[in-house]
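Letter by letter, the chains look like this.
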Amino acid sequence: MRIAVTGSIATDHLLSFPGRFTEQFVADRLDRVSLSFLADSLQVRRGGVAANIALGLARLGLTPVLVGAAGTDFAEYADWLRANGVATDAVLVSETLHTARFVCTTDLDHNQIATFYAGAMAEASRISLVDVAERTGRPDLVIVGPNDPDAMLRHTDECRQQGIPFAADPSQQLARLTTEQVRQLVDGARLLFTNHYEAALLLERTGWSEDEVLQRTGAWLVTRGADGVDIARAGRERLHVDAVPTDRAVDPTGVGDAFRAGFLAGTARELAPERAARLGCALATVVLETVGTQEYALTPADLLRRIEAAYGPAAARETGPGLGPDRTPSNFKQEAIA
């Protein structure tokens, strides 16, 4: 299965605050906030939603095509991605701008305050999926992840025009998109990914009810952190999959991207939605236990151990046959999620 992953490519600056953000806010002074947090540590890591998802897919045996814009400083990052099985031929490298920056501070409760600088991502709208398909082959699925808004809209339109299934993952960009833009990104998506907060924001932005969203999408996956994930489909019973627990949580950055990679890899291997979500939750916990979104160690045996501990031996047996890189079907099938 050929998956093209569009969206952000970034360098992450991850800081740790040894306190709680909520203790720093004064209830009747929220109209003027001026706060400074002294961090205990700084980690500079490779990141970006599209790059994180693509690397997760590659670690699970697929060969994803990364589609996005990076900066003049991208050469070393590109070498890393290629060494880990990600195709980077479709990455546009800016001649003047640096790769995007994600600066995120995490407190003791894993609350986060983040700032994103677009940098070279502003040039992503220049990328044509038609050209990408001619160079790298027609994708079976395109992930439209958070990116320059014009790029997100262009990629979605191209998928419709070319008849290519797409998954909508507007994520952090929901806050700046208009009603019509969000509707355009969601309508017709084979899959829709949000976290719990983004789900409420998406309903507010579109003006649609949950049922109206489901009538326009194949499946809506809502991640809820330690409370797992919900899978909703029109006319079907809602599914809930518990998270894979851990007592070694380190940093939540990139956990949602890891879930998406695991779910998509499971779907590519024709696992049913609930089984694919279990794989996603297992990979998400691996990332949760690691500082950095791409530095985690991963083996099929470890994933199966986690799945068995969380969901039982039968779940591990159901998942296991699809984890080898030589067991990837060539075509994305609608019945895998419908």
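In this text, all values refer to a predicted model and were calculated from it rather than measured experimentally.

1. Thoughts on the confidence of the model for the protein
Residue-level pLDDT values for the protein average 92, and 95% of them are 70 or greater. Confidence drops under a pLDDT of 50 for residues 324-338, and excluding neighbours within four residues, the segment shows 35 contacts in the predicted structure.

2. Some points on the sheet that holds strand β10 (residues 191-195)
The strand order across the open sheet built from nine strands is β5-β4-β1-β8-β9-β10-β11-β12-β13, with neighbouring strands paired in mixed fashion. Edge positions in the sheet fall to β5 (91-93) and β13 (239-241), since each has one partner strand and no second. The mean angle between the axes of side-by-side strands here comes to 20 degrees, regardless of whether they run parallel or antiparallel. In the sheet, strand β11 (residues 220-223) pairs with strand β12 (residues 229-232) via four bridges, with the strands oriented antiparallel. Within β12, the position partnered with threonine 223 by the bridge is valine 229. Lying over the sheet, helix α4 (residues 149-162) contacts β1 (3-6), β8 (141-144) and β9 (166-168), oriented at roughly 160 degrees with respect to β8. Against the sheet, helix α9 (residues 273-288) engages β12 and β13, with an angle of about 25 degrees to β13.

3. Observations concerning the nonpolar core
Judged by nonpolar contacts, the single largest core of 59 residues is most densely connected at Leu57, Leu66, Leu221, Phe259, Phe263 and Leu264. By residue number, the principal contributor to this core is α9, which donates 10 residues. The residues contacting leucine 221, other than those within four sequence positions of it, are Leu191, Leu192, Phe193, Thr194, Val229, Asp230, Ile231, Phe259 and Phe263. Counting residues in each nonpolar core, the second largest holds 35 residues, with Ala124, Ala151, Leu185 and Ala199 among its members.

4. Section: the side chain of threonine 253
Locating threonine 253 in the fold gives a position in the loop between β13 and α8 (255-268). For threonine 253, the side chain forms a polar contact with the side chain of glutamine 112, separated by 2.8 Å. Looking at threonine 253, its side chain comes within polar contact range of the side chain of aspartate 251, at 2.8 Å. Among residues more than four places away in sequence, those in contact with threonine 253 are Asp12, Leu14, Phe102, Cys104, Gln112, Val287 and Thr293.

5. Observations concerning the packing of aromatic side chains
In this description, an aromatic ring pair is defined by two values, namely the gap between the centres and the angle between the planes. Per the stated rule, a full pass over the model turns up six aromatic pairs. Ring geometry for phenylalanine 17 versus phenylalanine 37: centroids 4.9 Å apart, planes at 65 degrees, classification edge-to-face. Note that phenylalanine 17 is positioned in the loop between β2 (10-16) and β3 (41-47) and phenylalanine 37 in the loop between β2 and β3, a separation of 20 residues in sequence. Looking at phenylalanine 17, the relative accessible area reads 12%, which means it is buried. For phenylalanine 37, a relative accessible area of 24% corresponds to the partly exposed category. Between phenylalanine 193 and phenylalanine 263 the ring centres are 6.1 Å apart and the planes differ by 80 degrees, which places this aromatic pair in the edge-to-face class. Here phenylalanine 193 is found in strand β10, whereas its partner phenylalanine 263 is found in helix α8, with 70 residues between them in sequence. Taken together, the ring pairs connect Phe17, Phe21 and Phe37 into an aromatic cluster. Directly above the aromatic system of tyrosine 296 lies the positively charged group of arginine 59, at a separation of 4.7 Å from the ring centroid. Its guanidinium or amino end placed over the ring of tryptophan 208, arginine 216 lies 4.0 Å from that ring's centre, counting from NZ or CZ.

6. Observations concerning the pairing of strand β7 (residues 112-117)
With six bridges connecting them, strand β6 (residues 100-106) and β7 associate as antiparallel partners. Directly across from arginine 101, in β7, lies its bridge partner tyrosine 117. Connecting the antiparallel pair β6 and β7 is a turn made up of five residues, with histidine 110 showing a positive phi of about 65 degrees.

7. A look at the environment of serine 8
One can find serine 8 in the loop between β1 and β2. Residue serine 8 is classed as buried on the basis of its relative accessible area, which comes to 4%. As for serine 8 and arginine 216, which are separated by 208 residues in sequence, their C-alpha atoms are 25 Å apart. Here serine 8 is in contact with Gly48, Val49, Ala50, Ala51, Phe116, Met121 and Pro146, once residues within four sequence places are set aside.

8. Structural notes on the pairing of β11
If a strand is regular, its side chains alternate between the two faces of the sheet. Of the two faces of β11, both are covered, the one formed by Trp220 and Val222 as well as the one formed by Leu221 and Thr223. By the bridge criterion, four bridges tie β10 to β11 in an arrangement that is parallel. Bridge pairing in β11 places phenylalanine 193 opposite leucine 221. Where β11 hands over to β12, the hairpin turn is made up of five residues, of which glycine 225 adopts a positive phi near 60 degrees.

Quick notes on the rules
- Every residue gets a number counted from 1 within its own chain, in the order that chain's sequence is written.
- In keeping with the model being predicted, local features are shown solely for residues with a pLDDT of at least 70 and side-chain atom pairs are shown and tallied solely at 80 or more, while totals for entire chains, interfaces and linings include all residues.
- Processing note: side-chain calculations cover all non-hydrogen atoms of the structure and skip hydrogens and water entirely.
- For every residue, the pLDDT score states the predictor's confidence, bounded by 0 at the bottom and 100 at the top.
- Any two residues having at least one pair of non-hydrogen atoms within 4.5 Å are treated as being in contact.
- The pairing criterion for strands is at least two bridges between them, as found by DSSP.
- Note on conventions: DSSP H or I runs of at least 4 residues are helices, E runs of at least 2 residues are strands, and numbering of each starts at the N terminus.
- Only the contacting stretch of a helix is used when fitting its axis, a line to C-alpha atoms as for every element, and angles between N-to-C directions run 0 to 180 degrees.
- We define a nonpolar core as any set of buried Ala, Val, Leu, Ile, Met, Phe, Trp, Tyr and Cys residues linked to one another through side-chain atoms lying within 4.5 Å.
- Throughout, exposure labels follow a simple rule: accessible area from a 1.4 Å probe, protein chains only, divided by the maximum for the residue type, with under 20% read as buried, over 50% as exposed, and the rest as partly exposed.
- Between N or O atoms, a polar contact is any pair within 3.5 Å; within protein, one atom must be a potential hydrogen donor and the other a potential acceptor, and residues adjacent in sequence are included only when both atoms are from side chains.
- Each Phe, Tyr or Trp ring, with Trp reduced to its six-membered ring, pairs with another whose centre is within 6.5 Å; inter-plane angles below 30 degrees give stacked pairs, above 60 give edge-to-face pairs, and intermediate values give tilted ones.
- Only Lys NZ and Arg CZ are tested; either one counts as a charge over a ring when it is within 6 Å of the ring centre and within 35 degrees of the ring normal.

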